[in-house]
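# Coordinate analysis (summary)
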Amino acid sequence: MTRVDSTAEVQSEVRGKSGRMVRWEPGRHILRDAWFPVAHTPVLGSTPVRRYVHSQPYYIVREGDRFRAFEFHPEELKRRGKEASEFTGGTGEYPLVDRYGFTWVWYGNPDNADPALIPDIPFLPSRRSMPAYARVTNFFHCTYELVLENVLDLTHIDFVHGNFAGTFESEDDRITVDSTSETVTMVRTIKKKPTSEYQKKVLGVREKFQDVTTVTHVFIRSGICFLHAHYTSAPSMPLMQNNTPESPFLTRADAIFGLEQCPDITYRKNWPKTGPMVAAQDEAMLNPQNPRYLFEAPGPDMNTRFDTAGLVYRRRHQELLERQQMGDYSYNTDIGDGAKIAEILKVRRMR
Ligand SMILES: [Fe+2]
């Protein structure tokens, strides 16, 4: 992993290694050859459900114990089979894997669809899902790069979700950012942050302040992110959110909480219910941003040290894009560095 944690390095991240400004054109370019978790597996049945990845359609259906993903509605498969694209190698059927309670489909060359490339999610059991109350679905009306930038923007949590997470005051506030060719990991360590309204009124936390460690781990190709926050005297639990790029105008955010990492049963049942409210707070910020990026060329952004993770994300995204534009869709060996994520998240590894 590569670590960036000084202001000077942040500025060089804006400019990139060559000294040129990193081009940032969210919604304009597509990264291929990745697994996308497009549906909570328990919702699938014999009636096909349709999902999109970068506007490519996937019809997913349960056949007994088996799940299949097709390029066309199964009833049209015979008639339209000849139209099958390169994404299914001309067969009309995509590679599919059921893991961590999600149905993962491959977007790219099916010959490269190695299940070993599915991310390791240490806080979720690999062979079963979570109860319905721990699974949520939200939508953001913007391209997925903006969702990921938002997730990696530390300050937005204090200002947009202050009622749930606590406001911006603190005694000390530090970040570190690590990255590989495929991931960006941000850790924020805060001392003496005011206990939030939600923690006081709903959870009954009496302490006035919390020391908080927040971790965000983002997968650049697919948009998957892991989120977790530890508070000194309030419960929390990790979650995985898919952030699937359905189109440049719509991101599907299916999230699943790692219930078994949290001993507080009341919190386990109630915290996922805040999902739609938290998502609505983000949507209010993201929806108006999208046309500004898609239809008007933005000028250079102003940045502070708190934008480091977003800037590293832009640079890593650009590096992947340049590699793919040269025809190289492979994964570099540094993705193995992500294996320490259970340690960083401070979660118990599930089976
Ligand atoms: Fe947010």
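Residues numbered from 1 in each chain as written. Predicted model: local features only at pLDDT ≥ 70, side-chain atom pairs only at ≥ 80, totals over all residues. Heavy atoms only, no water.

## Here we look at the packing of aromatic side chains
Put simply, the rule is: When two rings of Phe, Tyr or Trp (its six-membered ring) have centres within 6.5 Å they constitute a pair, described as stacked for plane angles under 30 degrees, edge-to-face for angles over 60, and tilted for the intermediate range. Put simply, DSSP marks the helices as runs of H or I at least four residues long and the strands as runs of E at least two long, and each gets a number from the N terminus on. Think of it in three bands: residues with accessible area under 20% of the maximum for their type are buried, residues over 50% are exposed, and the middle band is partly exposed, with areas taken using a 1.4 Å probe on protein chains only. Think of it as a cone above the ring: NZ of Lys or CZ of Arg counts as a charge over the ring if it is within 6 Å of the ring centre and within 35 degrees of the ring normal.
This structure, assessed with the given rule, holds 12 aromatic pairs. Between Phe36 and Tyr107, the ring centres sit 6.3 Å apart and the planes meet at 80 degrees, which makes this aromatic pair edge-to-face. With Phe36 in strand E2 (residues 34-40) and Tyr107 in strand E8 (residues 102-107), this residue pair connects regions lying 71 residues apart in the sequence. Judged by relative accessible area, which is 0%, Phe36 ranks as buried. A relative accessible area of 4% places Tyr107 in the buried class. Note that Lys192 overlies the ring of Phe209, its terminal NZ or CZ placed 4.9 Å from the centroid. Lying over the aromatic face of Tyr331, Arg221 brings its terminal NZ or CZ to 3.7 Å of the ring centre.

## Quick word on the packing of helix H3 (residues 144-152) against helix H8 (residues 275-295)
The following threshold applies: Working convention: axes come from line fits to C-alpha atoms, limited for helices to the stretch in contact. Angles between N-to-C directions cover 0 to 180 degrees. Under this scheme an angle from 65 to 115 degrees is roughly perpendicular, one under 35 degrees roughly parallel, and one over 145 degrees roughly antiparallel; angles in between are oblique. It is the rotation of the near helix from the far one that decides the hand of a crossing: anticlockwise by less than a right angle makes it left-handed, clockwise makes it right-handed. Every residue pair with non-hydrogen atoms within 4.5 Å of one another is taken to be in contact. In this classification, Asp, Glu, Lys and Arg are treated as charged, Ala, Val, Leu, Ile, Met, Phe, Trp, Tyr, Cys and Pro as nonpolar, and every other residue, Gly included, as polar.
Their axes nearest at 10 Å, the elements H3 and H8 cross at an angle of 130 degrees. The pairing of H3 with H8 is recorded here as oblique in orientation. Considering how the two elements wind past one another, H3 and H8 form a crossing that is right-handed. Residues Leu146, Val147 and Asn150 of H3 lie in contact with H8, whose contacting residues are Asp282, Leu286, Gln289, Asn290 and Tyr293. Taken together, the residues that form the contact of H3 with H8 break down as four nonpolar, three polar and one charged.

## As for the pattern of salt bridges
When their charged atoms lie close together, side chains carrying opposite charge are able to pair. Put simply, the rule reads: Here, a salt bridge means any Lys or Arg side-chain nitrogen found within 4 Å of an Asp or Glu carboxyl oxygen.
Taken as a whole, this structure holds 22 salt bridges when the rule is applied. Residue Arg188 pairs with Asp158 through a salt bridge whose shortest N-O separation is 2.8 Å. Of this pair, Arg188 sits in strand E11 (residues 183-194) while Asp158 is found in helix H4 (residues 154-160), placing the two residues 30 residues apart along the sequence. When sorted by exposure, Arg188 lands in the same class as Asp158, which is buried. One continuous salt-bridge network, built from bridges that share partners, spans Glu76, Arg79, Arg80 and Glu83.

## Things to note about the coordination of the iron ion
Expected angles at a metal are 109.5 degrees for tetrahedral coordination by four donors and either 90 or 180 degrees for octahedral coordination by six donors. Quick reminder of the rule: Metal donors were taken as nitrogen, oxygen and sulfur atoms no farther than 2.8 Å from the ion, or 3.2 Å where the ion is Na, K or Ca. Water is excluded, so coordination may look unfinished. Only two sets of limits are used to name each site, 85 to 135 degrees for every angle of a tetrahedral four-donor site, and over 155 degrees for opposite donors with all other angles from 65 to 115 for a square planar four-donor or octahedral six-donor site, with any other site named irregular.
Coordination sphere of the iron ion, protein contribution only: His156 (NE2), His161 (NE2), Asp282 (OD) and Asp282 (OD), at 2.1 to 2.5 Å. Angles of 56 to 149 degrees at the metal separate the four donor atoms of the iron ion, which places the site in the irregular class. The motif formed by the donor residues of the iron ion, counted along the single chain, is H-x4-H-x120-D. A relative accessible area of 10% places His156 in the buried class. Accessibility expressed as a relative area gives 6% for His161, which makes it buried.

## A closer look at the domain arrangement of the chain
Rules: Domain boundaries shown here were taken from an automatic or database domain assignment. The term buried area means the drop in 1.4 Å probe accessible area that two parts suffer when joined, counted for both and summed.
Segmentation of the chain into domains returns domain 1 (2-25 + 136-345) and domain 2 (34-108). For domain 1 and domain 2, the distance between their C-alpha centroids amounts to 28 Å. Taken together, the contact pairs 18 residues of domain 1 with 14 residues of domain 2. The contact between domain 1 and domain 2 buries some 1,200 Å² in all, and 62% of this surface belongs to carbon and sulfur atoms. Put simply, domain 1 and domain 2 have zero salt bridges between them. Taken together, the elements giving at least two residues each to the side of domain 1 that touches domain 2 come down to strand E9 (135-140), strand E15 (244-247) and strand E16 (250-257).

## Observations regarding the sheet that holds E8
Definition in use: The rule for pairing is simple: two strands pair if DSSP sees at least two bridges between them.
Read across the open sheet, the three strands follow the order E2-E8-E7; overall the sheet is antiparallel. Two strands close off the open sheet at either side, each with one partner strand: E2 and strand E7 (96-99). Averaged over all neighbouring strand pairs, the angle between strand axes comes to 30 degrees, with direction disregarded. One ladder, built from four bridges, connects E7 with E8; its direction is antiparallel. Opposite Leu96, over in E8, you have Val105 as the bridge partner.

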